[in-house]
Structure formats: C-alpha cells, structure tokens
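# What the coordinates show
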Amino acid sequence: MKKSTLLAPPESTTLLAQMVQRLPLSDTHFRRISQLIYQRAGIVLADHKREMVYNRLVRRLRTLNIDDFGRYLALLENDANSAEWQAFINALTTNLTAFFREAHHFPILADHARQRGGSYSVWSTAASTGEEPYSIAMTLAETLGAGPGKFSVHASDIDTQVLEKAASGVYRQEELRTLSQAQMQRFFLRGTGPHAGMVRVRPELANAVTFARLNLLAHEWTQPGPFDAIFCRNVMIYFDKETQEKILRRFVPLLKPGGLLFAGHSENFSQISKEFYLRGQTVYGLTKERS
Ligand SMILES: C[S@@+](CC[C@H](N)C(=O)[O-])C[C@H]1O[C@@H](n2cnc3c(N)ncnc32)[C@H](O)[C@@H]1O
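Within each chain, residues carry numbers counting from 1 in the order of the written sequence. The predicted nature of this model means local features are confined to residues of pLDDT at least 70 and side-chain atom pairs, given and counted, to a pLDDT of 80 or more, with totals for whole chains, interfaces and linings taken over all residues. Side-chain calculation: all heavy atoms of the structure are included, whereas hydrogens and water are not.

## Things to note about helix α6 (residues 84–92)
Relative accessibility under 20% of the residue-type maximum defines a buried residue, over 50% an exposed one, and the middle range a partly exposed one, all with a 1.4 Å probe and only protein chains included. A run of H or I in DSSP counts as a helix once it spans at least four residues, and a run of E counts as a strand once it spans at least two, with each numbered from the N terminus. Where burial is concerned, most of α6 is hidden: nine out of the nine residues are buried. Among all positions in α6, only Glu84, Trp85, Gln86, Ala87, Phe88, Ile89, Asn90, Ala91 and Leu92 are buried. Note on contacts: a residue pair is in contact if any heavy atoms of the two residues lie within 4.5 Å. Buried positions along α6 lie against α3 (27–41), α4 (50–63), α5 (69–77), α9 (160–168) and β6 (209–213).

## Points about the domain arrangement of the chain
Where each domain starts and ends comes from a domain assignment, either automatic or drawn from a database. Domain annotation for the chain reports domain 1 (11–92) and domain 2 (105–289). Counting from both sides, the interface comprises 10 residues of domain 1 and, opposite them, 11 residues of domain 2. Buried area counts how much accessible surface, traced with a 1.4 Å probe, disappears from two parts once they are put together, with both parts' losses summed. Summing both partners gives a buried area of about 870 Å² for domain 1 against domain 2, and 47% of it is carried by carbon and sulfur. By the criterion of area lost to domain 2, the three top residues of domain 1 are Tyr38, Gln86 and Asn90, representing 44% of everything that side buries. When a carboxyl oxygen of Asp or Glu is within 4 Å of a side-chain nitrogen of Lys or Arg, the pair counts as a salt bridge. Here domain 1 and domain 2 share zero salt bridges between them. The definition of a polar contact used here is a pair of N or O atoms within 3.5 Å, where within protein one atom must be able to donate a hydrogen and the other to accept one, and adjacent residues in sequence count solely through side-chain atom pairs. Counting across the interface, domain 1 meets domain 2 through six residue pairs in polar contact (both at pLDDT 80 or more). At the level of elements, α3 and α6 are the ones that each hand at least two residues to the side of domain 1 that touches domain 2.

## As for the packing of aromatic side chains
The geometry of an aromatic ring pair comes down to the distance between the two centres and the angle between the two planes. Any two of the Phe, Tyr and Trp rings considered here, Trp counted by its six-membered ring, make a pair once their centres fall within 6.5 Å; the pair's planes then place it as stacked at under 30 degrees, edge-to-face at over 60, or tilted in between. According to the stated counting rule, one finds 14 aromatic pairs in the structure shown. Here Phe99 and Phe188 contribute two aromatic rings whose centre-to-centre distance is 5.9 Å and whose plane-to-plane angle is 90 degrees, an arrangement assigned as edge-to-face. Residue Phe99 is found in the loop between α6 and α7 (105–115), and its partner Phe188 is found in strand β4 (residues 188–190); the two are separated by 89 residues along the sequence. What makes Phe99 buried here is its relative accessible area of 2%. Given a relative accessible area of 3%, Phe188 falls into the buried group. Centre to centre, the rings of Phe231 and Phe262 are 4.3 Å apart; their planes meet at 15 degrees, and the pair counts as stacked. With Phe231 in strand β7 (residues 227–232) and Phe262 in strand β8 (residues 255–263), the pair connects residues that are 31 residues apart, well separated along the chain. One exposure class covers both Phe231 and Phe262, and it is buried. Each member of the aromatic cluster is reached from another via a ring pair, and the members are Phe99, Tyr134, Tyr171, Phe188 and Phe211. The criterion is that NZ of a Lys, or CZ of an Arg, lies within 6 Å of the ring centre and within 35 degrees of the ring normal, and then a charge sits over that ring. Arg22 extends its terminal NZ or CZ atom over the ring of Tyr54, reaching a point 3.9 Å from the ring centre.

Below is the structure:
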C-alpha cells in the first residue's frame, strides 16, 4: 500500500469535515431571518432561538450547496416567488403535536356535538402532522357515528411538509399510545411485513378530514365555514399580540351561533380579544352570545 494512501484521509472523512463545519451566522443575518419569517408567517423569533434557527436553516444551505447565510438570504430576497420561501417557512415552524393532546378538550367537544343538530363541522387551524384533526374526527365518530355527512373536519397549516404527512395518515404505532385498544382497532389499520410497526388511518375516518395549506396571516382565507368549533391550539404562542388579535377578530364570523373556540394551554384569548369569553378551561365562546 502506498504511504500517501495510508496518510491521506479517506474522501468520505474530508466530506464529513466539510459537512459539519460551522457556518457563521451574523447578528445582521439572524435579524434579517427574523424579519422575513415574521413578515411571511407572523412567527416571532426571540434571540434565544438563534441556535435553533441555525440548526434548522443550515440543513437548507447544505441541501442547496450554499456555504453562506448571506447568499441564502439573497436567494430568497431576489425572488419573492421562489419555491425556497416555502422550504424556509417549513424549516422555521415548530410542529410538536400528539394524539389527544390537551385531553380535557375532547369530552367538551363530544358534549357540544351531541347537543347540536345537523352536520357538525370543525376547523383545525394549525393541524401540523394531523394528530389533532384525527383526534377530533375520532371523537366525533364515537359521538355522532361515522356515516357520511355526520361531521367534517377541515385541517390547515402553513407548513406543506407536515400537511403531506397528515394527509398520508401514516404514523408509528408508538405515537398512538394515548388511544384505547378500541380506538386503535376501529380507526387504524396495522402495517404488516416491511410496514410492521406503522399504522394508517382507516379510509372511513380519513374521508371525513380534508387538508389544505392556509397561512393564518394571509389576507384571504380559503376555508369552508362557518364552523361549530374552531381549534386554534399552540400556534398563537408564536405570534405577537397584534397578530393574535387580528386572527381572533377574523374567527368571529367563522363560528356558528353557540360555536366553541379551543385554545392551547398557555394561550389566553379573552385577555387579547373582547370578542371571546372563557367558558371553560381554555375553551371560549362568543362574547355577544354571553347570557
Ligand atoms: C406546535 S404546532 C401545534 C399543532 C396542534 N395544533 C397542537 O396543538 O398539537 C404549531 C403549528 O402551527 C403552524 N403555523 C405556524 N405559523 C402558522 C401560520 N402563520 N399559519 C398557519 N399555521 C401556522 C406550524 O406549521 C405548526 O404546525
């Protein structure tokens, strides 16, 4: 074996070193990234999120073979319609969710649906990877029956990547740990062979849920409605008060009389908007209907 071959690092090692090399993220570039995601999605990035922003965006830079945040920002800003904008947004959203998250909401939803006639409709406004809208759909199927026209769930999110996963309805079995055996059997199909350990939402349930991209900041919302209930959970926390207030005002005509608005555990809508009053733990009604 030649000496040079012995001493030279294998090509893959050199490549790896280049891959893990830290790229500088200046204050100016971090501030610009914060401004751009605020303008596009309403998301406020505090200074302590800098490392998170770096880790998420550096993957985009590496995919695009760009070694400088300035060049990446120029690529975005030179073309307002660049497809990279969606990838930028997808990279900076936080999508943490779970089936039956904030479990106390689901018996309230079931009681509400039981009391109202007609076809019950729900909007899940920040649906992420689908656990929330499918949990709503399971609750309504158990309460109202699963026949067509009994209920519908419209699910939206700004992030196209999570919507893709949501629409596929495929999850790892361990993600269903908050479901009962009966719910697993009734609403999910188990994967076999190479798909062992995976589950898929049964078509009967999936058919009641529609998915669409919707930016809560957009001037026009192209969603159906009005709804019996709106779920807006764990997304307002990323927005400032002004944005939250604007969004809440736009929910008002989208709720049917007697409709409910569900919030996340750390979100207080009655403090932000006079249009909503607290009816129960993080569940709101329209103030104009308060008796
Ligand atoms: C933490 S997840 C919450 C998911 C679910 N609602 C829950 O409580 O488990 C927040 C979601 O809000 C979405 N989001 C962030 N900004 C948004 C915007 N401007 N319009 C619509 N969705 C947005 C993100 O993509 C993300 O999937």
